[in-house]
Amino acid sequence: MSLPIFLIGARGCGKTTVGESLAQVLGYAFCDTDHYLQQSTGKTVAEIVAAEGWEGFRQHETDALIAVTAPETIIATGGGMVLAEANRCFMQERGQVIWLQANATVLAARLTHYPQSSQRPTLTGRSITEEMAEVLDERASLYQQTAHHIIDAMQTPERVVMAILNALPVAPA
Ligand code: ADP
Ligand code: MG
């Protein structure tokens, strides 16, 4: 089976880290929708939001999802990809969807420790933990309803990869 594998989850849950190693193990290609979006528009996420608002950004995000979807590809999606019903249906129908689940404390610790992985404009006046808790409140049910498999992403990246391989009906190439 060579369907695309979509990794969903909040910023910092490990979509890029885990996605790259999973792609290596399976001999699949790796794509990141945020990265694709930046390459295709020549702008950062923050610049797109500043110029076109979040609505404009979300439209580009949907276009990016469709553009990168291909067989034998691991697709790391932007944290907000699940907000649009069309994106949720597309991923569910076209491939296997994996939610990398981590709590707000763990996410905040990673994003504080590795600020370069934080690509979103920050909302001022609140701690990163509060911000992540709010994001999870808003999105956890969407991640859950979209995912074919829910994986504990608070283990080492190696273990997360193993857990995904165990969950998936695929074998390494
Ligand atoms: P995402 O792509 O989902 O935003 P990243 O893969 O960029 O997340 O990971 C965010 C940060 O957390 C990176 O610095 C990465 O090294 C670290 N990280 C990712 N997964 C894990 C993990 N399972 N355990 C510890 N640190 C992790
Ligand atoms: Mg990423």
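Residues numbered from 1 in each chain as written. Chains lettered and ligands numbered in written order. Predicted model: local features only at pLDDT ≥ 70, side-chain atom pairs only at ≥ 80, totals over all residues.

Novice: Quick question: what am I supposed to make of the environment of glutamine 24 here?
Specialist: By secondary structure assignment, the location of glutamine 24 is in helix α1 (residues 15-26). Overall, the presence of 13 C-beta atoms within 10 Å leaves glutamine 24 in the partly exposed class. When the C-alpha positions of glutamine 24 and alanine 147 are compared, they lie 22 Å apart, and in sequence the two are 123 residues distant. (Helix = DSSP H or I, 4+ residues; strand = E, 2+ residues; numbered from the N terminus. Buried ≥ 20, exposed ≤ 12 C-beta atoms within 10 Å, placed from the backbone.)

Novice: How do you make sense of the sheet that holds strand β5 (residues 149-152) when you look at a structure like this?
Specialist: Two strands in a sheet stick together by hydrogen bonds in their backbones, pointing the same way (parallel) or opposite ways (antiparallel). One open sheet holds the five strands; their spatial order is β2-β3-β1-β4-β5, and the pairing between them is parallel. Either end of the sheet is taken by a strand with one partner, and the two such strands are β2 (29-32) and β5. Strand-to-strand twist in this sheet, taken as the mean axis angle between neighbours without regard to direction, amounts to 25°. As paired elements, β2 and strand β3 (residues 73-76) share four bridges and run parallel to each other. The partner of aspartate 32 across the bridge, within β3, is alanine 76. Against the sheet, helix α2 (residues 33-41) engages β2 and β3, with an angle of about 70° to β2. Those strands touched by helix α7 (residues 157-167) are β4 (96-101) and β5, and its axis lies near 155° from that of β5. (Pairing = 2+ DSSP bridges. Axes fitted to C-alpha atoms, helices over the stretch in contact; angles between N-to-C directions. Contact = placed C-beta atoms within 7 Å.)

Novice: What exactly am I supposed to notice about the nonpolar core here?
Specialist: In a soluble, globular protein the nonpolar side chains are often hidden away together inside. Core analysis: the biggest nonpolar cluster contains 40 residues, and Phe6, Leu7, Ile8, Ile74, Ile75, Ile98 and Leu100 have the highest contact counts within it. Not counting residues within four places of it along the chain, the set of residues in contact with leucine 100 comprises Leu7, Gly9, Cys13, Gly14, Lys15, Val18, Ile151, Ala153 and Val160. (Core = buried A, V, L, I, M, F, W, Y, C linked by C-beta atoms within 7 Å.)

Novice: Whenever I open this one, the site of ligand 1 confuses me. Can you help?
Specialist: As a matter of local geometry, ligand 1 sits amid 16 residues, with Gly14, Lys15, Thr16, Thr17 and Tyr114 nearest to it. If you list the elements that add at least two residues to the shell around ligand 1, you get α1 and α7. Per element, the largest residue contribution to the shell around ligand 1 is three residues, and it comes from α1. (Near = placed C-beta within 6 Å.)

Novice: What is the right way to read the packing of α2 against helix α3 (residues 45-68) from this model?
Specialist: Between two packed helices, the angle of one axis relative to the other and the distance separating the axes together describe the packing. Packing of α2 against α3 leaves a shortest axis separation of 9 Å and a crossing angle of 110°. It follows from the interaxial angle that α2 and α3 lie roughly perpendicular. When the axes of α2 and α3 are compared, the crossing they make is right-handed. In this structure, α2 contributes Thr33, Asp34, Tyr36, Leu37, Gln38, Ser40 and Thr41 to the contact, and α3 contributes Val45, Ile48, His60, Glu61, Ala64, Leu65, Ala67 and Val68. Per-class residue counts for the contact of α2 with α3 are eight nonpolar, five polar and two charged. (Parallel < 35°, antiparallel > 145°, perpendicular 65-115°, else oblique. Left-handed = near helix turned anticlockwise from the far one by under 90°. Nonpolar A, V, L, I, M, F, W, Y, C, P; charged D, E, K, R; others polar.)

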